[in-house]
Amino acid sequence: MTEASEHDGATPERGAAVPGQDGHGGGTGDAGTGIRNRSGAGAEAGTGSGSEAGTGSGDAGAWAERSGAARPGRAAAPRVRLVDVAREAGLSKTTVSAALNGTGRLSPEVRERARETARRMGYRPNATARQLRAGRARLIGYVVGELADTPWTFLESPYFARLTGATAATALARGYAVVLLPAGSLQSEWAALPLDAVVVADPVADDRIVEDLLAARIPVFSDRSVEGRSGAHWVDVDAAAAVRQTLDHFHAQGARRPVLVVPDSTTRFHQEVDAAHREWCAARGLPVRTVRAAEPGNGPVIQAVETALGAGPGRPDALLMVAEASPPLVLDAARRHGYDVPGDLLLVCVSEDETAEHTQPPVTTLSLRPEAVAEAGIAHLVAVLEQGLRETGGALVPVRLDVRASSVRSG
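Residues numbered from 1 in each chain as written. Predicted model: local features only at pLDDT ≥ 70, side-chain atom pairs only at ≥ 80, totals over all residues. Heavy atoms only, no water.

Peer 1: I'd like to hear about the packing of helix H9 (residues 158-173) against helix H16 (residues 370-387), residue by residue, with values.
Peer 2: It is at 8 Å that the axes of H9 and H16 come closest, and there the two elements cross at 35°. Between H9 and H16 lies a crossing of right-handed hand. Contact with H9, carried on its side by Tyr 159, Arg 162, Leu 163, Ala 166, Thr 167, Thr 170 and Ala 171, involves Pro 370, Glu 371, Val 373, Ala 374, Glu 375 and Ile 378 of H16 and no other residues of that element. Tallied by class, residues from the contact of H9 with H16 come to eight nonpolar, two polar and three charged. (Axes fitted to C-alpha atoms, helices over the stretch in contact; angles between N-to-C directions. Helix = DSSP H or I, 4+ residues; strand = E, 2+ residues; numbered from the N terminus. Left-handed = near helix turned anticlockwise from the far one by under 90°. Contact = heavy atoms within 4.5 Å. Nonpolar A, V, L, I, M, F, W, Y, C, P; charged D, E, K, R; others polar.)

Given below as structure tokens:
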């Protein structure tokens, strides 16, 4: 495919609207930023007053008149072509293409002139032509498998909200757009979408969408539960190491009766957390205290906290919250049961909730580092799609324990 067919929109019906948009020639942030069509850019290019004359061989108003965009009664302006941008900027088409792609040996002034002209005129590359050339739509599906019963609630979770945002931002920087799919997606909901790959975050055991995607020969990027399967790739956190690190921290502070609150979930992460907790307690001859939250959300999880702090002989002296809940609400529940934190009860929450830093006392958090997970996952995805990586291996991302006053006993 020639440069002209990629940039000029040389489709069977020249000037026809083409859905979609992506970066220039595999470029990342620069080119996309330089051509983004902001509100009013089309009007500026189309009306072109005499005071905005001639940045090149003609001004925006002249271009609109030549193209027919300014004719009254016309339903839609034709697509702006690369040659139109070049004419407007007074540059060659090759120079403009290089400027938008971030390639070539151009002066900063020339590169900025081309990009600003393209932005002002509302130019965007021919996404359909690029897709045909690359054999990819540059669309990545994204689904959170854990919350299939409430498919669109994952953005209420600070962890999944940050993981989703980081995945979308990291993918966009690589020239891919993310399509959100509901948890528990049926094949009919995504089969018609031209997805290059799908990220399945925290799938439950025997997740149907994983099976359906692999059967459709769509690469799946998920956690370590898909390890070794053809067409599947993984990025995960070391859940067992995270639990051991946290419980060792409790033990060093004198805690001997830790209690674990986890979701009633079949994801690999939560199964590993439960197993690691049992092994740690057994190795030290300590009782295993575990309470499961029946459902996600602050309400059900705080109910589980109330149970954990009030049940059984011997009050717990440390609480590891793996089920997500607002740290201030967890502190309130502990105080309602007569605990002083950290005097009577040490507290660590697996959480990305920023309120943890601002409570009294500040709450220690175990971060699963969603931004690092997203970066590692998208880097692996791009290596598979664009570099032909065939190995189905993955990567472990280390967690981070941010120790604050809620888990440290004075003296």
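Back to the text.
Peer 1: I'd like to hear about the nonpolar core, residue by residue, with values.
Peer 2: Membership of the largest hydrophobic core comes to 50 residues, with the highest contact counts inside it found for Leu 163, Phe 250, Val 273, Leu 320, Val 322 and Leu 381. Take this core: its biggest share by element is seven residues, from H16. Among the nonpolar cores identified, the runner-up in size contains 25 residues, and Val 259, Ala 308, Ala 333 and Tyr 339 belong to it. (Core = buried A, V, L, I, M, F, W, Y, C linked by side-chain atoms within 4.5 Å. Buried < 20%, exposed > 50% of the residue type's maximum accessible area, 1.4 Å probe, protein only.)

Peer 1: Please give an account of the pattern of salt bridges that cites residues and values.
Peer 2: By the definition in use, this model includes 19 salt bridges. Between Arg 120 and Glu 88 there is a salt bridge; the shortest N-O distance is 3.7 Å. In this pair, Arg 120 sits in helix H7 (residues 108-121) while Glu 88 sits in helix H5 (residues 82-89), placing the two residues 32 residues apart along the sequence. The class for Arg 120 is buried, based on a relative accessible area of 9%. One salt bridge in this structure joins Arg 335 and Asp 332, with 4.0 Å as the shortest N-O distance. Of the two residues, Arg 335 and Asp 332 both sit in helix H15 (residues 327-336), three residues apart, roughly one turn of that helix. Each member of the salt-bridge network shares a partner with another, and the members are Arg 81, Asp 84 and Arg 87. (Salt bridge = Lys/Arg side-chain N within 4 Å of Asp/Glu carboxyl O.)

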